[in-house]
Amino acid sequence: MPELEDLERRIAKLESAKLDYSYDYDTRKVLFNTMDRKLVEFLHPQDTNDANDGTFIAINNTPAIQFADAATKVAYFSFIPPENLFISRMLFYWSTPATANNMRWQIDIGEGGSSQQTNARTTGGNAVSTAADGTANDIKITDILNAVPSANPSVDITRLRRGTLWGIKFTRLGADANDTLSNTVNLYGIMVEYRLYAF
């Protein structure tokens with residue numbers, strides 16, 4: 001049938017046609033975000049038996065790692081970010097009995113690749129001060145990737161490859177003069193948010 005053959009030719013032409021996005025950047029961003037889906041993963045601190053590990057505790061049935069005041073203590077995490085997704089945010093969840101002043105902290109991330117020998121911390125972080133919000137023991141959420149201006153981020157993950165093993169070291173710099181909480185800190189974990197597209 002000529003009509004059917006013509007329809008098949010038109011379909012084949014459409015299938016092979018180059019897509020031309022005539023929209024501006026902001027419009028494309030809205031369209032892609034409409035199609036996009038957000039995925040989240042929550043990372044729990046791991047017991048490494050490191051000499052500087054914080055103390056593992058449970059608060060109201062919620063596991064956490066507690067950092068003492070006036071001491072430099074650490075917590076470790078590991079995960080494999082999916083190769084086909086982009087990390088849009090990394091947030092850490094914490095609490096403290098303190099109602100004022102600052103906690104001093106730092107994030108270091110190592111991307112291990114295929115060899116344990118190369119699992120050095122390939123992106124060292126910058127120390128950051130975060131203020132208590134005025135309410136004792138409330139759960140606080142702090143953005144790791146945007147904790148300070150982008151010119152000097154707390155940690156830069158752009159050089160790290162997805163689809164490989166990442167190790168995260170969280171340090172409470174309690175002995176630092178800029179850590180003025182004068183109290184313990186409880187770290188519950190890190191939430192990683194993924195998206196299909198990066199903008």
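Note that the coordinates shown come from a computational prediction; the quantities given were computed from them, not determined experimentally. (Residues numbered from 1 in each chain as written. Predicted model: local features only at pLDDT ≥ 70, side-chain atom pairs only at ≥ 80, totals over all residues. Heavy atoms only, no water.)

Take the pairing of strand β10 (residues 185-195) next. Within β10, ten of the eleven residues are buried, leaving the element largely enclosed by the surrounding structure. The sheet contact formed by strand β1 (residues 39-43) and β10 spans five bridges and is antiparallel. In the sheet register, L43 faces β10, and the bridge partner there is I190. Note that strand β3 (residues 62-67) and β10 share three bridges and pair antiparallel. (Buried < 20%, exposed > 50% of the residue type's maximum accessible area, 1.4 Å probe, protein only. Helix = DSSP H or I, 4+ residues; strand = E, 2+ residues; numbered from the N terminus. Pairing = 2+ DSSP bridges.)

The next point concerns the sheet that holds strand β7 (residues 128-131). A sheet is described by the order of its strands in space; here four strands give the open sequence β4-β9-β6-β7, paired in antiparallel fashion. The open sheet is flanked by β4 (72-79) and β7, the only strands paired with a single partner. Sheet twist, expressed as the average angle between the axes of neighbouring strands with direction ignored, equals 30 degrees. For strand β6 (residues 102-111) and β7, the ladder comprises four bridges, and the chain directions are antiparallel. Paired with N102 across the strands is A131, a residue of β7. (Axes fitted to C-alpha atoms, helices over the stretch in contact; angles between N-to-C directions.)

Turning our attention to the side chain of T164. By the secondary structure assignment, T164 is in the loop between β8 (140-143) and β9 (166-173). Only 3.1 Å separates the side chain of T164 from the side chain of E111, close enough to count as a polar contact. Within polar-contact distance, the side chain of T164 engages the backbone oxygen of R161 at 2.9 Å. (Polar contact = N/O pair within 3.5 Å; in protein donor to acceptor, adjacent residues only side chain to side chain.)

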